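Topology and contacts: notes
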Amino acid sequence: VKSGEREREKRKEEKREKREEEEEGSKMRLWVLVLAAVVVVAAAGVGAEEEVVVGEERSLNPPEISIDFSWARSMQDASGNVECADKLTFAYRVMIRSGLFEPTNVAVRISPEEMVTLTAGTVTTSTGTVGTGNTAGDSFIVVDIGDLSSLTETIAVITFDVVIKRDAVDGSAFLSDQSIVVTQDFWPATSQNFIDGIFFTCP
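The following paragraphs examine the structure supplied in this document. As a convention, each chain's residues are numbered from 1 in the sequence order in which they are written. Owing to the predicted nature of the model, reporting of local features is limited to residues with pLDDT of at least 70; listing and counting of side-chain atom pairs is limited to 80 or more, with chain, interface and lining totals taken over all residues. Side-chain descriptors were evaluated using all non-hydrogen atoms of the structure, hydrogens and water having been removed beforehand.

**Examining the sheet that holds strand S11 (residues 178-184)**
Across a sheet, paired strands are connected by hydrogen bonds in the backbone, their directions being either parallel or antiparallel. Here is the rule: Strands qualify as paired when DSSP identifies two bridges or more between them. In this description a helix means any DSSP run of H or I spanning at least four residues, a strand means any run of E spanning at least two, and both kinds are numbered starting from the N terminus. For helices, the fitted axis covers only the stretch in contact; all axes are lines through C-alpha atoms, and the angles between them, taken along N-to-C directions, range from 0 to 180 degrees.
Taken in spatial order, the five strands make up an open sheet running S7-S8-S4-S11-S12, and their pairing is antiparallel. A strand with exactly one partner marks an edge of an open sheet, and here the two such strands are strand S7 (129-132) and strand S12 (187-194). Neighbour-to-neighbour, the strand axes of the sheet open up by a mean angle of 20 degrees, direction not taken into account. For S11 and S12, the ladder comprises six bridges, and the chain directions are antiparallel.

The structure is reproduced here in structure tokens:
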């Protein structure tokens with residue numbers, strides 16, 4: 001009898017220990033789940049906060065735009081002087097570097113100064129399409145670059161020919177008032193004036 005009672009007590013003790021182990025295991029698993037949830041929420045919160053802050057900072061900055069100008073004579077006499085009726089080739093290199101903001105409806109307008117005549121049919125662009133400038137009588141150029149992706153660098157090289165008017169000046173002068181304007185949705189236009197002094201004479 002005593003042997004049977006001891007056996008029953010032993011089994012009860014084993015069951016109690018097993019139950020305690022299971023309860024302890026359940027508590028441990030619960031703590032792990034809670035900790036994991038806290039980490040996930042914290043990580044999500046930090047990520048969301050950083051994304052919002054960075055996004056706002058970047059979206060407030062317009063795309064970076066830089067413009068370079070160069071020119072060449074189509075023909076050159078022995079003196080090397082630029083004269084009235086000479087044909088010149090102008091080239092603009094327009095670089096647009098976008099951030100998170102996606103530039104849309106980007107266009108470039110170039111207005112040659114009054115002392116030259118734009119040669120119709122000579123306007124070319126490496127990016128986009130020529131909207132105005134290649135039709136007889138056009139006095140300015142419009143190149144439609146269109147919509148650009150975010151976080152990209154776009155370069156458009158625009159070239160065209162002009163002829164210095166025969167009656168541009170009596171004597172000598174500088175070509176120095178050529179205007180280029182880059183426009184896009186949502187941001188103010190970027191404009192610069194070229195040319196930095198092409199000296200010519202009208203003998």
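Back to the text.
**With respect to the state of the cysteines**
The test is simple: When two cysteine sulfur atoms lie within 2.5 Å, the pair is treated as a disulfide. When accessible area is computed with a 1.4 Å probe and restricted to protein chains, residues below 20% of their type maximum are described as buried, those above 50% as exposed, and intermediate ones as partly exposed.
If you walk through the whole model with that rule in mind, you get one disulfide. Each sulfur of the disulfide joining cysteine 84 and cysteine 202 lies 1.4 Å from the other. A residue pair is termed long-range when its members are at least 10 positions apart, and cysteine 84 in the loop between strand S2 (82-83) and strand S3 (87-97) and cysteine 202 in strand S13 (residues 198-202) qualify at 118 residues. Both residues of the pair, cysteine 84 and cysteine 202, belong to the buried class.

**Considerations on the nonpolar core**
Burial of nonpolar side chains together is a common tendency in soluble globular proteins. Definition in use: Side-chain atoms within 4.5 Å are what join buried Ala, Val, Leu, Ile, Met, Phe, Trp, Tyr and Cys residues into a set we call a nonpolar core. Contacts are residue-level and defined by heavy atoms, with any inter-residue pair within 4.5 Å sufficient.
Core analysis: the biggest nonpolar cluster contains 35 residues, and Phe160, Ile164, Leu175 and Phe200 have the highest contact counts within it. Ignoring sequence-local partners within four residues, the contact set of phenylalanine 200 consists of Val82, Glu83, Cys84, Met115, Ile164, Ala168, Val169, Gly171, Ser172, Ala173, Phe174 and Leu175.

**Quick look at the side chain of threonine 104**
Applied cut-off: Distance and chemistry together define a polar contact, namely a pair of N or O atoms within 3.5 Å, with one atom able to donate a hydrogen and the other to accept it when in protein, and with adjacent residues in sequence counting only for side-chain atoms on both sides.
Structurally, the position occupied by threonine 104 is in the loop between S3 and strand S4 (106-111). At 2.9 Å, the side chain of threonine 104 and the side chain of aspartate 185 are in polar contact. Not counting chain neighbours up to four residues away, the residues in contact with threonine 104 comprise Gly146, Asp147, Gln184, Asp185 and Phe186.

**Points about the pattern of salt bridges**
Which entries qualify depends on this criterion: Each salt bridge in this description consists of a side-chain nitrogen of Lys or Arg and a carboxyl oxygen of Asp or Glu lying within 4 Å of one another.
Overall, the coordinates contain three salt bridges when judged by the stated rule. Note that glutamate 64 and arginine 97 form a salt bridge whose closest N and O atoms lie 3.0 Å from each other. Pair noted here: glutamate 64 is in strand S1 (residues 64-73) and arginine 97 is in strand S3, with a separation of 33 residues, a long-range link. The exposure class assigned to glutamate 64 is partly exposed, which follows from its relative accessible area of 48%. Residues arginine 97 and glutamate 153 are paired through a salt bridge, measuring 2.7 Å at the closest nitrogen-oxygen approach. Separated by 56 residues along the polypeptide, arginine 97 in strand S3 and glutamate 153 in strand S9 (residues 153-164) bring together distant segments of the chain. Assessed through its relative accessible area of 34%, arginine 97 is described here as partly exposed.

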